[in-house]
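Listed here are the chains, written in short residue letters.
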Amino acid sequence: MAGLAKGLAIVEAFTAQRPQLTVTDAARATGITPAAARRCLLTLRELGYLQQDGGYFRPTPRMMRLGAAYLEAASLPTLAQPFVLAARDELGESVSVAVYEDGAALIVARAEVQRIVNTGVRMGAQLPAYASASGRVLLAGLPEAELAAYLESCTPVRTTPNTLMTIPEIRSRIELAKTEGVAFTNEELELGVRSMAVPVTDSAGTIRAAMTASTFTARASIEEMRIKFLPVLREQAEGLGRML
């Protein structure tokens, strides 16, 4: 079981920012010895989850089976899909549902619009909670002690000129999301993109997820999103919440 734990740690070490790993990279990212990291990488290669090019290891399409197992077996992604599809069709914009995981908003359901250019968010993407509308909604649902711990460890990274870089600013946005029941981002995570998120709350009043719609800045202002998007997102989020 220890070997399985090490192998899974290496699988999780691959990210969009780190699409390939050497033995040294894997050991450093997971905190295991280089020898153990090498054994895990070679085993994953033999199983078809990784391909090797010299000293570099990269995921193969087979790796997608691991995420697919969750999406097929878990109830929330399955339940959420009809609601994100309905919101997308009504708004004509991409809509997603995310859950909180280790300081990030993890996209578990998504409905895309067909355009030549789309926003860069995809199924399985992890958005930094401090800089995303969905993340701020999810952070607003955390117990105060957990939120305080998150903010204490948070190190913002500037991805656009509008990214919030101070903890007081970030906390203020989280508190606003808690008060208003909605969060916005205006080119804070990606230039040219605005997002709006609302909580998905279960029958016990617990925030289980966030439903988000994203659009290009040329298509809608924040005020237009509040008028047009908010009623649709709330209606679909409430419908999903009744099923949780």
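Because the structure is a prediction, the values reported are computed rather than measured. (Residues numbered from 1 in each chain as written. Predicted model: local features only at pLDDT ≥ 70, side-chain atom pairs only at ≥ 80, totals over all residues. Heavy atoms only, no water.)

Quick look at the packing of helix α1 (residues 2-13) against helix α2 (residues 23-30)
The interhelical angle for the contact between α1 and α2, taken along N-to-C directions, is 105°, at an axis separation of 9 Å. Taken together, α1 and α2 sit at an angle that is classed as roughly perpendicular. Mapping the contact onto sequence places Ala 9, Ile 10 and Ala 13 in α1 and Ala 26, Ala 29 and Thr 30 in α2. Classifying every residue of the contact of α1 with α2 gives five nonpolar, one polar and no charged. (Axes fitted to C-alpha atoms, helices over the stretch in contact; angles between N-to-C directions. Helix = DSSP H or I, 4+ residues; strand = E, 2+ residues; numbered from the N terminus. Parallel < 35°, antiparallel > 145°, perpendicular 65-115°, else oblique. Contact = heavy atoms within 4.5 Å. Nonpolar A, V, L, I, M, F, W, Y, C, P; charged D, E, K, R; others polar.)

Quick word on the packing of aromatic side chains
Summed over all chains, the structure comprises zero aromatic pairs. The ring of Tyr 49 has Arg 62 lying over it, and the distance from NZ or CZ to the ring centre is 5.0 Å. (Phe/Tyr/Trp six-rings, centres within 6.5 Å; stacked < 30°, edge-to-face > 60°. Lys NZ or Arg CZ within 6 Å of the ring centre and 35° of its normal.)

Observations regarding the pattern of salt bridges
Inspection of the entire model under this criterion finds 12 salt bridges. Between Arg 88 and Asp 89 there is a salt bridge, with the nearest N and O atoms lying 3.0 Å from each other. For Arg 88, a relative accessible area of 21% translates into the label partly exposed. Judged by relative accessible area, which is 56%, Asp 89 ranks as exposed. Notably, a salt bridge pairs Glu 188 with Arg 136, separated by 2.6 Å at the nearest N-O pair. (Salt bridge = Lys/Arg side-chain N within 4 Å of Asp/Glu carboxyl O. Buried < 20%, exposed > 50% of the residue type's maximum accessible area, 1.4 Å probe, protein only.)

Considerations on the sheet that holds strand β3 (residues 94-101)
Overall, antiparallel pairing links the six strands, which are arranged β5-β4-β3-β8-β7-β6 in an open sheet. The strands lining the two open edges of the sheet, one partner per strand, are β5 (126-128) and β6 (183-186). The average undirected angle you get between the axes of adjacent strands in this sheet is 30°. Sheet topology note: the strand β7 (residues 193-201)/strand β8 (residues 207-216) ladder contains nine bridges and is antiparallel. Pairing of Arg 194 across the sheet is with Thr 215, part of β8. Packing against the sheet, helix α6 (residues 133-140) makes contact with β3, β4 (104-111), β5, β6, β7 and β8, and its axis sits at approximately 160° to β8. (Pairing = 2+ DSSP bridges.)

Let's talk about unusual backbone geometry
The backbone phi angle of Asp 102 is positive, close to 50°, even though this residue is not glycine. Assignment of secondary structure puts Asp 102 in the loop between β3 and β4. According to the relative accessible area criterion, Asp 102 is exposed, its value standing at 75%. Phi at Glu 187 is positive, roughly 60°, even though this residue is not glycine.

Details of the pairing of strand β2 (residues 56-59)
Bridge count for strand β1 (residues 50-53) against β2 is four bridges, and the pairing is antiparallel. Within the sheet, the bridge partner assigned to Asp 53 lies in β2 and is Tyr 56. Hairpin geometry of β1 and β2 is characterised by an intervening segment of two residues between the two adjacent antiparallel strands and by a positive phi of about 65° at Gly 54.

Concerning the pairing of β3
A large share of β3 lies buried, amounting to six of its eight residues. Bridge count between β3 and β8: five bridges; the pairing is antiparallel. Note on β8: the bridge partner recorded for Ser 94 is Ser 214. Hairpin connection between β3 and β4: a loop of two residues separates the two successive antiparallel strands, and Asp 102 in this loop has a positive phi of roughly 50°.

Some remarks on the packing of helix α7 (residues 144-153) against helix α8 (residues 167-180)
In the contact formed by α7 and α8, the axes pass within 11 Å of each other and the chain directions differ by 150°. The crossing of α7 and α8 is right-handed. Residues Glu 144, Leu 147, Ala 148 and Leu 151 of α7 form the contact with α8, whose own contacting residues are Ile 167, Ile 170, Arg 171, Ile 174 and Glu 175. In terms of residue class, the contact of α7 with α8 is made up of six nonpolar, no polar and three charged. (Left-handed = near helix turned anticlockwise from the far one by under 90°.)

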